[in-house]
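# Report on the structure
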Amino acid sequence: MDGSRSTLIQHLWRLRSDLSRPQQDISVAAQLASRDASLFGSAAEILLHAVGLVAQRLHFLTWQIEMQAWLQKSSAEYDGSPNFNLDTAYGTRREVVELLLRRMERSGVERPAVLELGVYEGELAFHLLRAFPNMSYVGVDAYFNDEFAPGSPQNQLFELVHQHVAKRMEDYQDRAILLKLSSEEALKIVPKGAFDLIFIDADHRYQHVKHDLEHWSEKVRPQGILAGHDFSPEWPGPVQAVFELRKSKPVNLGMSSVFYWYVGVDDD
Ligand SMILES: C[S@@+](CC[C@H](N)C(=O)[O-])C[C@H]1O[C@@H](n2cnc3c(N)ncnc32)[C@H](O)[C@@H]1O
């Protein structure tokens with residue numbers, strides 16, 4: 001049996017055991033409601049929770065099946081492939097990155113240091129800053145697109161977004177900083193091994209993603225996490241870069257197109 005088929009069977013086994021709980025809950029809700037009409041509200045609450053869980057597990061399974069099919073097809077197109085592992089983390093990119101940091105917290109990292117390359121409106125940044133009161137954060141974003149002239153409407157919009165995010169960042173000024181720099185400029189001033197987790201989500205063109213993954217890796221401390229976004233069929237740049245850089249090495253894939261590996265562990 002090939003690897004991906006046996007992994008799929010493992011996931012189906014897990015799904016079956018995960019679904020036994022909502023199955024029991026639905027039966028309890030039905031009995032409550034039929035025996036005592038005044039408990040209808042509690043029954044509805046249990047039912048909603050159970051239905052939510054079933055929907056989540058099915059969504060997760062669909063994602064896993066889709067990913068396995070796509071990875072198999074992509075691996076055939078490249079000359080070799082990373083050793084992919086589909087992470088159990090469920091949710092949006094914010095939730096998946098949060099979970100990676102929660103795991104780190106559980107392993108004893110009390111004050112995680114995070115750098116995000118590509119901040120834009122700070123959706124991920126502000127989510128993490130709220131979720132981790134002990135986290136320190138460095139955001140790097142050029143807020144400038146060199147395909148457009150300085151002063152063009154596109155770059156004016158970038159400037160407005162930058163001002164807005166910089167203002168919001170002031171609420172966290174004791175532990176967060178926003179650097180309006182290009183990746184290349186920031187690489188010159190950020191020390192090596194300084195971060196527990198670096199999230200790469202800037203220029204999605206192949207050469208740029210490859211460059212960023214190669215050069216930001218040394219800024220992660222040993223056994224820290226180098227992660228990135230948009231490992232998906234819609235974004236060929238990150239996909240090609242990851243396939244080429246991580247041939248025969250582990251790459252973890254989370255939902256919502258998050259990818260990551262442990263620096264200096266998985267690399268060996
Ligand atoms: C997809 S958005 C980032 C979204 C953000 N990570 C989040 O999760 O909310 C990409 C950002 O990368 C920035 N960017 C693109 N190329 C860059 C480069 N070479 N250096 C620094 N920032 C860059 C853009 O200005 C843009 O704001």
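Please read these numbers as outputs of a predicted model, since none were measured by experiment. (Residues numbered from 1 in each chain as written. Predicted model: local features only at pLDDT ≥ 70, side-chain atom pairs only at ≥ 80, totals over all residues. Heavy atoms only, no water.)

## Things to note about helix H8 (residues 236-245)
Note the following rule: A simple rule labels every residue: compare its accessible area, found with a 1.4 Å probe on the protein chains alone, to the largest value its type can have, and call it buried under 20%, exposed over 50%, or partly exposed in between. Helix and strand labels come from DSSP, where a helix needs a run of H or I of at least four residues and a strand needs a run of E of at least two; each type is numbered from the N terminus. In this analysis, two residues are considered to be in contact whenever any of their non-hydrogen atoms come within 4.5 Å of each other.
Considered for burial, the residues of H8 that qualify are Gly237, Pro238, Val239, Ala241, Val242 and Phe243. Next to the buried residues of H8 lie helix H2 (40-77), strand E1 (83-86), helix H7 (206-216), strand E7 (250-254) and strand E8 (258-262).

## Points about the domain arrangement of the chain
Spelled out, the test is: Note that the domain bounds were set by an automatic or database domain assignment. Take the accessible area each of two parts loses on contact, using a 1.4 Å probe, and add the two losses: that sum is the buried area. Each reported salt bridge corresponds to a side-chain nitrogen of Lys or Arg within 4 Å of a carboxyl oxygen of Asp or Glu. Definition of a polar contact: a pair of N or O atoms within 3.5 Å, with one able to donate and the other able to accept a hydrogen when the atoms are protein atoms, and with sequence-neighbouring residues admitted only if both atoms are side-chain atoms. Three categories are distinguished: nonpolar for Ala, Val, Leu, Ile, Met, Phe, Trp, Tyr, Cys and Pro, charged for Asp, Glu, Lys and Arg, and polar for the others, with Gly belonging to the last.
Segmentation of the chain into domains returns domain 1 (3-77) and domain 2 (83-262). Listed as interface residues are twelve residues of domain 1 and, on the opposing side, 14 residues of domain 2. Between domain 1 and domain 2 lies a buried interface of about 1200 Å² when both sides are counted; carbon and sulfur atoms form 80% of it. Our count for the domain 1 to domain 2 interface comes out at zero salt bridges. For the pair domain 1 and domain 2, the number of links is one residue pair in polar contact (both at pLDDT 80 or more). Looking at the side of domain 1 that touches domain 2 element by element, the count peaks at eleven residues for H2. In the side of domain 1 that touches domain 2, the residues fall into five nonpolar, six polar and one charged.

## Section: the pairing of strand E2 (residues 113-117)
Short version of the rule: Whether two strands pair comes down to DSSP finding at least two bridges between them. When the strands point away from the viewer, a crossover counts as right-handed if the route from the first strand across the helix to the second turns clockwise.
Of all five residues that make up E2, five are buried, and the element is covered over most of its length. Side chains Ala113, Leu115 and Leu117 of E2 all project onto a buried face; the interleaved residues Val114 and Glu116 project onto the opposite face, where all are buried too. Note: E2 against strand E3 (residues 136-140), five bridges, orientation parallel. The residue of E3 that forms the bridge with Ala113 is Ser136. Note on the crossover from E2 through helix H4 (residues 123-131) to E3: the handedness is right-handed. Pairing geometry for E2 and strand E5 (residues 195-200), over four bridges, is parallel. Following the sheet pairing, Val114 is matched in E5 by Leu197.

## Examining the site of the ligand
Heads up, the condition is: Throughout this document, a residue counts as near a molecule or strand when at least one of its heavy atoms sits within 4 Å of that molecule or strand. Residue exposure ignores everything except the shown protein chains as possible cover, and the areas themselves are Shrake-Rupley values with a 1.4 Å probe.
Close to the ligand lie 17 residues, the nearest being Arg93, Glu116, Gly118, Asp141 and Asp201. The side chain of Glu116 places a nitrogen or oxygen atom 2.7 Å from a nitrogen atom of the ligand. Residue Gly118 places a main-chain N or O atom 2.7 Å away from a nitrogen atom belonging to the ligand. Here the ligand loses 81% of its free accessible area of 610 Å² to cover by the protein chains. By residue class, the composition of the shell around the ligand is eight nonpolar, three polar and six charged.

## A closer look at H4
The complete set of buried residues in H4 reads Leu124, Ala125, Phe126, His127, Leu128 and Leu129. Where H4 is buried, its residues contact helix H3 (93-106), E2, E3, helix H5 (153-169), strand E4 (176-179) and E5.

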